[in-house]
Amino acid sequence: MTDTPGKQGSPIPVPGSYGTSFFPMPMLEVIGFLTKTGDYTEKQLKKVGGATVFKAHPGIPTILLCNNVSAEFFFKAPNDLLEREDVQRFGPVEPQQKLIKHCNTAILSSGEMHTRSRGLIDEILRRRGNLMMSTFERICLEGFKQWPAQGKVPIEDGFQRLTAPFVFQWLLGVTPNIDDVVGWQNKIVGPYTDSGLTNLMFKLLVRVPGKVVAGSERITEVVRSSSLFSEYMELARKQGFTDEDNVARQLVFVCAFNMSGGISRFLLPSVTAISINTDARARMIAELDAWDPEKTDINDLPYLEAVLFECMRLYPWPRFIHKKAHRDFVLPADNGLAYQIHKGDLLMSHTPFVHRDATVFKNDPLNFRPQRFIDEPGLKDKVFTFGWARNQAGSYGCAGRSPAEYLWKLLVGHLARNYTWEVRGANLNLNNTLDVSPGDVAMEGFKQRNA
Ligand code: HEM
């Protein structure tokens, strides 16, 4: 990768302003950014005359990337050009240290520490890979059978309770108390800004209840009681980790946040979208009905794959990924533009906007239309939901991309093939913090198909 955009014009300064770090501005900005990101970003875009790379202050001074060309550069860049911040944060969102106790989990690490945590989880996933399907059948398929009796299943909560026992069993062969895991998942992050007063206010307002902290300690104990823990501790020692509590908490984080949390959070808008877009749902069911799992792998169902990519395009999670410039460089953008980036600038892929870039997703970019990926398969390379781009040079990006895609297909495929339900009154909109409002939207009238 070169630092210059080649034939593009001479670089221009990034437009916009970082604004002030004085209270109450960072508080107002971060609340707007996190709770109504569509309106917040549109307003900023207007201020800079529609430029899709601009400075703003969504809690902290940031350069927002809202076009696909810049985001592709961002995800492909080597670590010596763009690196994660060396603090345990996702830009203006931070994990609750009461729950993670500063453990060195991969997604919150950079540099050497990242290499070590990532090495550990990559090796564990490799060792347990062949047990995924049997664990899925034992836990998830059995779990689904309980849903018709409930009749009404809140989507995110339902999948948290289905996937939490699955992931802990898959990687560790243990099952913590599921209420403890759901409590942990629901309180794991809070907002962060560069205003000390705002952060103090957030600390008072966004408190982690004592029972969630106690639950976190119980989950960690259960992980340490796993008969696999000593094997993983051996692996961790090879990566340079000696503190057993730190390693146990890394495992809790990967299971509860990356895996069960990531999958459930992404299934909330996915299942809502499938429920509402009845034509796409009918076509997906027709493909699943004609499918013989004995003969064809679920990965070979083209329409299911297209629905997955359309969900990843419209409802990427997390929505924002941050990296810091380690030297000056020129950032390519849409319309042949190029921006001058300076060492120390914090850049953020605003992935929902990146995935609605009309210069790339030309046909109806704001609407749910899986067919676009069948008509133009190359579009898949423009979807960066896993913090990853084809031919990337950096060492970041989701460690579980391929099992996560497979699990999404298994879960959605099984649901659509075997059950019917309705989702009423749900609204999918960029302004909703969870993509969907209300956040506790449920599948109603859930029953066995043809029952
Ligand atoms: C089996 C399920 C999953 C596993 C095992 C998994 C594992 C991980 C791990 C270990 C990381 C940290 C990677 C690193 O820092 O090097 C990570 C990052 C990430 N994951 Fe996943 N994940 C799963 C599911 C998901 C899902 C469902 C999504 C989104 C739909 C997702 C999106 C991401 C993103 C965006 C990152 C951050 C990448 C970056 O900062 O560059 N993951 N995942």
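Cut-off values and rules
- Residues numbered from 1 in each chain as written.
- Predicted model: local features only at pLDDT ≥ 70, side-chain atom pairs only at ≥ 80, totals over all residues.
- Helix = DSSP H or I, 4+ residues; strand = E, 2+ residues; numbered from the N terminus.
- Buried ≥ 20, exposed ≤ 12 C-beta atoms within 10 Å, placed from the backbone.
- Contact = placed C-beta atoms within 7 Å.
- pLDDT = per-residue confidence, 0-100.
- Near = placed C-beta within 6 Å.
- Nonpolar A, V, L, I, M, F, W, Y, C, P; charged D, E, K, R; others polar.
- Pairing = 2+ DSSP bridges.
- Axes fitted to C-alpha atoms, helices over the stretch in contact; angles between N-to-C directions.
- Parallel < 35°, antiparallel > 145°, perpendicular 65-115°, else oblique.
- Left-handed = near helix turned anticlockwise from the far one by under 90°.

### Notes on the overall build of the chain
Along the backbone of the chain there are 18 helices and 15 strands. Seen through its principal axes, the chain has C-alpha atoms that stretch 60 × 50 × 40 Å. When burial is assessed residue by residue, the chain has 42% of its 451 residues classed as buried. Put simply, of all contacts in the chain between residues at least 6 apart along the chain, 78% involve residues at least 24 apart.

### Here's the deal with unusual backbone geometry
Residues other than glycine predominantly adopt negative phi, and peptide bonds predominantly adopt the trans conformation. For the peptide bond that leads from Phe23 to Pro24, omega is 10 degrees, which places it in the cis range. Topologically, Pro24 is positioned in the loop between β1 (12–13) and α1 (25–35). In the segment running from Ser437 into Pro438, the intervening peptide bond is cis, with an omega of -5 degrees. With respect to the secondary-structure elements, Pro438 resides in the loop between β14 (436–437) and β15 (442–448). With a phi angle near 60 degrees, Asn335 is a residue other than glycine that sits in the positive phi range. Residue Asn335 is classed as exposed on the basis of its C-beta count, with 11 C-beta atoms lying within 10 Å. Even without being glycine, Asp364 reaches a positive phi, approximately 60 degrees. Judged by the 11 C-beta atoms lying within 10 Å of it, Asp364 falls in the exposed class.

### Topic: the confidence of the model for the chain
Close inspection of predicted coordinates is inappropriate for parts of the model with low pLDDT. Per-residue confidence for the chain averages 96 on the pLDDT scale, and 98% of its residues sit at or above 70. Note on residues 1–7: pLDDT is under 50 here. Beyond four places in sequence and across chains, it has ten contacts.

### Structural notes on the site of the ligand
Near the ligand there are 25 residues, and of these Gly262, Gly387, Tyr396, Cys398 and Gly400 occur at the shortest range. Listed by contribution, the elements that provide at least two residues to the shell around the ligand are α5 (111–128), α13 (244–276) and α18 (401–418). Here the shell around the ligand gets six residues from one element, more than from any other, and that element is α13. The class makeup of the residues in the shell around the ligand is 17 nonpolar, seven polar and one charged.

### Considering the sheet that holds strand β12 (residues 419–422)
The pairing of strands in a sheet happens through backbone hydrogen bonds and is either parallel or antiparallel. Reading across the sheet, the three strands line up as β6-β15-β12 and stay open at both edges, with antiparallel pairing between neighbours. Across the chains shown, the open sheet's two edge strands, defined by having one partner strand only, are β6 (153–154) and β12. Strand direction decides the pairing type here: β12 and β15, joined by three bridges, are antiparallel. Across the sheet, residue Tyr419 finds its bridge partner in β15, namely Gln448.

### Focus on the environment of Gly445
Summarising the element assignment, Gly445 is placed in strand β15. Along the primary structure Gly445 and Ala149 are separated by 296 residues, whereas in three dimensions their C-alpha atoms are 9.9 Å apart. When sequence neighbours within four positions are dropped, the list of residues in contact with Gly445 reads Gly151, Trp421 and Glu422.

### Here's the deal with the packing of helix α6 (residues 132–144) against helix α8 (residues 155–172)
Running from N to C, α6 and α8 point in directions that differ by 155 degrees, and their axes come no closer than 9 Å. Judged by the angle between their axes, α6 and α8 are roughly antiparallel. In this structure, the crossing between α6 and α8 has a hand that is right-handed. Here Met132, Thr135, Phe136, Ile139, Cys140 and Gly143 of α6 lie close against α8, whose contacting residues are Leu162, Pro165, Phe166, Gln169 and Trp170. Considered class by class, the residues forming the contact of α6 with α8 number eight nonpolar, three polar and no charged.

### Here we look at the sheet that holds strand β2 (residues 53–56)
Strand order in the open sheet made by the five strands is β2-β3-β11-β8-β4, with mixed pairing throughout. Bordering the open sheet on either side are β2 and β4 (82–83), each of which pairs with just one other strand. When β2 meets strand β3 (residues 62–65), the two strands line up antiparallel, connected through four bridges. When the bridges of β3 are listed, Lys55 appears paired with Ile63.

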